[in-house]
Amino acid sequence: MQNWKQKYTSFKQKPARKASSAQDNRPVKPLDSSLKSNISFIRQVFGEDSDLIVRNFKVYGRHDAAIIFFSSVVDQNQIQNYVLKPLMNVSSDLSEIPKDLKDLPDYIWSTTVQVTQGNRTKDLNALASILLEGNVVLIIDEMDQALYFNLRKIEHRSIEQPQTEQVIRGSRDGFIENLESNISLLRYRLQTPDFRVVTAPLGVRTRSKVAVCYIEGIADPGLVQKVMKRLSAINVDGILDAGYIEQFIEDHPLSPFPQVQPTERPDKSIASLLEGRVIILVDGSPFCLIVPALFNQFFQTMDDYTERFVVGSLLRMIRLIALLFSLFFPALYVSIISFNPELLPTEFAVAITGARAGVPFPAVLEVLIMEVFMEVLREATIRLPQMIGGALSIVGVLVIGQAAVAAGLASPTTVVVVAITTIGSFATPAYNAAISSRMLRFPLIILAGCFGLYGVMLGTIVIVNHLLFLESFGVPYMTPFVPTIWKDLKDSIVRVPLWWMRSRPSFLNTPDPDLLAKDIPKMHTDLIFKEKSEADE
């Protein structure tokens, strides 16, 4: 308690410090010859940060020195064993130690410090950002440069199965918040020297490490250049997740449709790299961004490729039907019930009318109320703890839905329509694409309630035209449907066998277009017929 009172008193007495701007904008300031002066400058930059450690000692028992680091982001055991202990060793042959301080950094780096990554700097202002990145800084009295060693250690969770992209057949590992671990998952599967990882900090204050990954010789250099250009234009205080970057680099930020594909799956990222796409990783985020992202990508999963092509194609068509249900079914229901009941069979129309006899609201208002109720229930289920959320969803759907029908607030037919619509939206693999269909459902329902089938048709025309207008990093969003690229349709709604998919998507302009050798299909069929003929003989 007394310590906190002292800190409070000193904080009140301290003059307000102007907020520091980006570290990169500071001019170069050479190191002072005095060790105390350099340490004083660093303490002035960071104020009274409790985890800033300054450890004074003598290098080889001769030179006054200090190591400076943040105890919360470095491995202190490695500092003690591989930096501090060798530097304080006075039993070594002193005759080999250079007397000239200019030669001392090379001697320390080559013979004393047992660290894999490190560098040196003469800029005193740069030490602040170097320390924040998890480095240990070594400053020696009267030496004009400082050495720093990368001993960063951040606690992170273990690699687990992705929560948002479950598969039946496929790997169970997913990205985590640590960038180095995520890159290691990629290199584990992609053991080629052409795999490129370009990293740089992004965010004025967070300086989050962002990595752009691609395969040289497969990815279009123009695409890689465009990605880096858009990243370089981002000037924001903080990048806390990959979603921040997504909103800065997409072509049409006001559109409800996503133009960048996030994924937690390393195997999906590798498949995108092999097609010629570029991925973006952010330190601190378990999601990877895939660019460019087209409309049909959001309805594909890894199960489409791990299963036989017939099963994979069937699953894709089911998802597309589910998308059409989730988007148009409530609007069609409202328009037919309100304006064109003659389109229904007479017995069915009479049954629906009878079920709605006690409902005081028009069909459009009834459907909107139930849709809003389902959205509130879904949002509450996601935010609640998993055990409570499961119970709430059952109570909400069964009990409250049945109670609403019994109370005359909704008809059983409307409950069925809304339930089928909700289930259809769950069938969409990508969460951000499912949100788009959920959002567009409401204006379609209102148009259906105002103009009937003409309103649904009008809304459909607007949505389709908007989709045709979109682009993702210069590639039309509806490719390969519009513009039609026949050879790229092999992996769209229907997936052909893997040994027929010989080329990469042509719209990505890959320098190496061949995914398989050209004689693989012939070899495959020849092998089958040869085995059969041998068996018959």
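Since the model is a prediction, treat every value here as computed from it, not as a measurement. (Residues numbered from 1 in each chain as written. Predicted model: local features only at pLDDT ≥ 70, side-chain atom pairs only at ≥ 80, totals over all residues. Heavy atoms only, no water.)

### What about helix α15 (residues 412-426)?
Look at α15: 21 Å from first C-alpha to last across 15 residues, which is about the 21 Å you get at 1.5 Å a residue. Looking at the buried residues of α15, the elements they touch are α11 (309-338), α12 (346-355), α13 (363-383) and α16 (431-451). (Helix = DSSP H or I, 4+ residues; strand = E, 2+ residues; numbered from the N terminus. Expected span 1.5 Å × (residues − 1). Contact = heavy atoms within 4.5 Å.)

### Description of the pairing of strand β10 (residues 288-291)
Every regular strand shows the same layout, with side chains that alternate between the two sheet faces. Neither face of β10 is open: one carries Cys288 and Ile290, the other Leu289 and Val291, and all of them are buried. Note that strand β8 (residues 261-263) and β10 share three bridges and pair antiparallel. Residue pairing across strands places Pro262 opposite Leu289, the latter belonging to β10. Sheet topology places strand β9 (residues 278-282) next to β10; four bridges connect them, and they run antiparallel. (Buried < 20%, exposed > 50% of the residue type's maximum accessible area, 1.4 Å probe, protein only. Pairing = 2+ DSSP bridges.)

### A word on the pairing of strand β6 (residues 195-202)
Sheet analysis places β6 next to strand β7 (residues 208-215), joined by eight bridges and oriented antiparallel. Within the sheet, the bridge partner assigned to Phe195 lies in β7 and is Ile215. Counting the residues in the hairpin turn of β6 and β7 gives five residues, including Gly203, whose phi is positive at 105°.

### With respect to the sheet that holds β7
Backbone hydrogen bonds hold the strands of a sheet together, and the pairing may be parallel or antiparallel. Strand order in the open sheet formed by five strands is β6-β7-β9-β10-β8, with antiparallel pairing between adjacent strands. The outermost strands of the open sheet, each flanked by one partner alone, are β6 and β8. Within the sheet, the average angular offset between the axes of one strand and its neighbour, ignoring direction, is 25°. Sitting on the sheet, helix α6 (residues 179-189) touches β6, β7 and β9, and the angle it makes with β9 is about 150°. Against the sheet, helix α9 (residues 266-275) touches β6, β7, β8, β9 and β10, its axis set at about 50° to β7. (Axes fitted to C-alpha atoms, helices over the stretch in contact; angles between N-to-C directions.)

### Description of the packing of α16 against helix α17 (residues 453-469)
The description of two packed helices rests on the angle between their axes and on the distance between the axes. Relative orientation of the contacting elements α16 and α17 amounts to 145°, with a least axis distance of 6 Å. With respect to the hand of their crossing, α16 and α17 are arranged in right-handed fashion. In this structure, α16 contributes Leu440, Leu444, Leu447, Ala448 and Phe451 to the contact, and α17 contributes Leu453, Tyr454, Gly455, Val456, Gly459, Thr460 and Ile463. (Left-handed = near helix turned anticlockwise from the far one by under 90°.)

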